Amino acid sequence: MARPPRPSPPPPTGWRAWVAGARPRTLPAAVVPVLVGTACAVGEADVLAWRAVAAGVVALALQIGTNFANDYSDGVRGTDDPGRRVGPVRLVGWGLRSPGAVKRAAILSFAIAGAAGLALAVAVGPELLVVGAAAIAAGWFYTGGSHPYGYYGFGELFVFVFFGVVATVGSTYVQVESVTALSLAASVPVGLLATALLVINNLRDIPGDTESGKRTLAVRLGDARTRWLYVGILIVAFLCIPIVAGGFDRAAAAAALVGIVLARQPVAQVLDGARGPALIPVLGVTGRVQLVTGTLLAIGLGVSA
């Protein structure tokens, strides 16, 4: 006899709604590049703790701001209609918070990122202001504005560039005040692992995005090819780790390959055809893969310096 479907939990209320709207499962994408980028600076300069913390604030606030901006923009467009959308809490789409309140939360988050970035710019150089402004604009126009690039299949490129290359290289730059080859190389697996989070998110949302006219890369590729894209991204990310470890004489960084053990579960679920709500835990495990792999990579880079 088939089991009856498990009832959906009630939507969060109060401050828990705001926490859920910030999408905690995506936050490793902000933390990991700062850890790895800071580790790349070890042995190159005296690492200043306050600069690392400020870089972390910038990255986290940008991620949260982007999440709130995405919630706001998709909500007012009707893309997050609860009748066709599964996945994390949508504050506007589900009627949990007003569009104005979520927009203000996005602006506040971006302002916090800007304030921390300004402190770094004063200490390091005005070039950081340009990078920070570009990151904020990219976060807002991902789904905001009249022509959001996330609706045309460029979301993965945004994540790789800003939560991979820019965040990792930038975290090294605020310490050593130059772009290093090591940070550029290390940013590749970091960016790929962050991109895998978005691929899973968009794989889950293919039916709803197709219906609402949101032409993400997953919608353009289709279900089957998006699943192989996810697997391919993880494979390339882990292939990059020994290249970074061996090419820059940071052998301990190879410890990050332990993340392969964790990655087996989400890969198996994706290849077995998990879809809809079944992909929600896959997103969480993918976040853990990124966090564990990135933390071990950072530790290895640091101790090998």
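The rules behind the values
- Along each chain, the written sequence defines residue order, and numbers are assigned to residues from 1.
- Note on the predicted model: pLDDT of at least 70 is required for a residue's local features to be given, and 80 or more for side-chain atom pairs to be given and counted; whole-chain, interface and lining totals, by contrast, use all residues.
- Each side-chain value is worked out from all heavy atoms of the structure, with water and hydrogens disregarded.
- Only DSSP runs of H or I covering at least 4 residues are called helices, and only runs of E covering at least 2 are called strands; the numbering of each starts at the N terminus.
- Atoms counted for the radius of gyration: C-alpha only. Globule rule: 2.2 Å times residue count to the power 0.38.
- A 1.4 Å probe rolled over the protein chains alone gives each residue an accessible area, and that area as a share of the maximum for its type sets the label: buried under 20%, exposed over 50%, partly exposed in between.
- Residues count as neighbours in contact if any of their non-hydrogen atoms are within 4.5 Å of one another.
- Surface accessibility follows the Shrake-Rupley procedure with a 1.4 Å probe radius. Residue values consider only the protein chains on display as shielding.
- For this count, His and the chain ends are skipped, Lys and Arg are scored as positive, and Asp and Glu as negative.
- In this description, the location of a charge corresponds to atom NZ of lysine, CZ of arginine, CG of aspartate or CD of glutamate.
- Centres within 6.5 Å are what make two rings of Phe, Tyr or Trp a pair, Trp counting through its six-membered ring; a difference in plane orientation under 30 degrees is then read as stacked, over 60 as edge-to-face, and the rest as tilted.
- We call a charge positioned above a ring when the Lys NZ or Arg CZ atom is no farther than 6 Å from the ring centre and deviates by at most 35 degrees from the ring normal.
- Here, a salt bridge means any side-chain nitrogen of Lys or Arg that lies within 4 Å of a carboxyl oxygen of Asp or Glu.
- Under the rule applied, a polar contact is a pair of N or O atoms within 3.5 Å (in protein, one hydrogen donor and one hydrogen acceptor; residues adjacent in sequence only if both atoms are side-chain atoms).
- Here, the term nonpolar core denotes a set of buried Ala, Val, Leu, Ile, Met, Phe, Trp, Tyr and Cys residues that are joined through side-chain atoms within 4.5 Å.
- Every axis in this analysis is a line fitted to C-alpha atoms, fitted for helices over the stretch in contact. Angles between the N-to-C directions lie between 0 and 180 degrees.
- Note that the term roughly parallel is reserved for angles under 35 degrees, roughly antiparallel for angles over 145, roughly perpendicular for angles of 65 to 115, and oblique for everything else.
- For any helix crossing, the convention is left-handed if the near helix is rotated counterclockwise from the far helix by under a right angle, and right-handed if that rotation is clockwise.
- Scored from 0 to 100, pLDDT records how confident the predictor is in each individual residue.

Below, the discussion takes up the overall build of the chain. For the chain, the count of helices and strands is 12 helices and 0 strands. Ordered by position from N to C terminus, the α and β elements of the chain give α-α-α-α-α-α-α-α-α-α-α-α. Computed over its C-alpha atoms, the radius of gyration of the chain comes to 19 Å, within 12% of the 19 Å expected for a compact globule of 305 residues. Projected onto its principal axes, the C-alpha positions of the chain cover 60 × 45 × 35 Å. Burial status across the chain gives 51% buried among its 305 residues. When contacts within the chain are restricted to residue pairs at least 6 apart in sequence, those whose partners lie at least 24 apart make up 76%. Just so you have it, the chain exposes about 13400 Å², and 69% of that area is on carbon and sulfur atoms. Between the centroid of the 23 positive side chains of the chain and the centroid of its 15 negative side chains there is a distance of 9 Å.

The next point concerns the packing of aromatic side chains. This structure, assessed with the given rule, holds 7 aromatic pairs. Plain terms: the ring middles of W18 and F68 are 5.7 Å apart, the flat faces sit at 80° to each other, and that makes the pair edge-to-face. With W18 in helix α1 (residues 15–21) and F68 in helix α3 (residues 49–77), this residue pair connects regions lying 50 residues apart in the sequence. According to the relative accessible area criterion, W18 is partly exposed, its value standing at 26%. With relative accessibility at 6%, the residue F68 sits in the buried group. Among the aromatic residues, ring-to-ring pairing joins Y142, Y149, F158, F162 and F163 into one connected group. Geometry around Y151 places R77 over its ring, the cationic atom sitting 5.3 Å from the centre.

Another point: the pattern of salt bridges. Note that side chains of opposite charge can pair when their charged atoms are close. One pass over the full model with this rule turns up 6 salt bridges. A salt bridge links E177 to R51, with the shortest nitrogen-to-oxygen separation between them at 3.4 Å. With E177 in the loop between α6 (155–176) and α7 (181–204) and R51 in helix α3, the pair connects residues that are 126 residues apart, well separated along the chain. Taking the relative accessible area as the measure of exposure, E177 reaches 41% and is therefore partly exposed. Looking at R51, the relative accessible area reads 9%, which means it is buried. Of the charged contacts, one joins R204 and D205 as a salt bridge, the two residues approaching to 3.0 Å between their closest N and O atoms. A relative accessible area of 3% means that R204 is categorised as buried. Several salt bridges converge on common partners, so that one network encompasses R90, R204 and D205.

Okay, the side chain of T66 next. Mapping T66 onto the fold places it in helix α3. In terms of polar contacts, T66 uses its side chain to reach the backbone carbonyl oxygen of L62, at 2.8 Å. Ignoring anything within four residues of it in the chain, the contact list for T66 reads F110, G139, Y142 and F158.

Another point: the environment of V169. Mapped onto the elements of the fold, V169 is located in helix α6. For the pair V169 and L291, spaced 122 residues apart in sequence, the C-alpha separation works out to 18 Å. Not counting residues within four places of it along the chain, the set of residues in contact with V169 comprises V179, S183, L184 and S187.

Considering the arrangement of structural elements, one finds D209 in helix α8 (residues 206–212). For the pair D209 and R23, spaced 186 residues apart in sequence, the C-alpha separation works out to 19 Å.

The next thing to look at is the nonpolar core. Ranked by internal contacts, the top residues of the largest apolar core, which has 79 residues, are V36, I200, Y230 and L301. A total of 12 residues in this core trace back to one element, the largest contributor, which is α7. Those residues in contact with L301, other than ones at most four positions away along the chain, are V36, A39, C40, L182, A186, V244, R250 and A253.

This next bit is on the packing of α3 against helix α4 (residues 99–124). Orientation of α3 relative to α4, taken along the N-to-C sense of each, is 155°, at an axis distance of 8 Å. Considered as vectors, α3 and α4 are oriented roughly antiparallel to each other. By crossing handedness, the relation of α3 to α4 is classed as left-handed.

In this section: unusual backbone geometry. The bulk of non-glycine residues show a negative phi, and the bulk of peptide bonds are trans. Even without being glycine, R23 reaches a positive phi, approximately 60°. Inspection of the secondary structure assignment puts R23 in the loop between α1 and α2 (28–41).

It is worth spelling out the confidence of the model for the chain at this point. Averaged over all residues, the pLDDT of the chain equals 91, while 94% of them reach at least 70. For residues 1–7, every residue scores under 50 in pLDDT, and the model assigns this stretch 0 contacts once sequence neighbours within four places are set aside.

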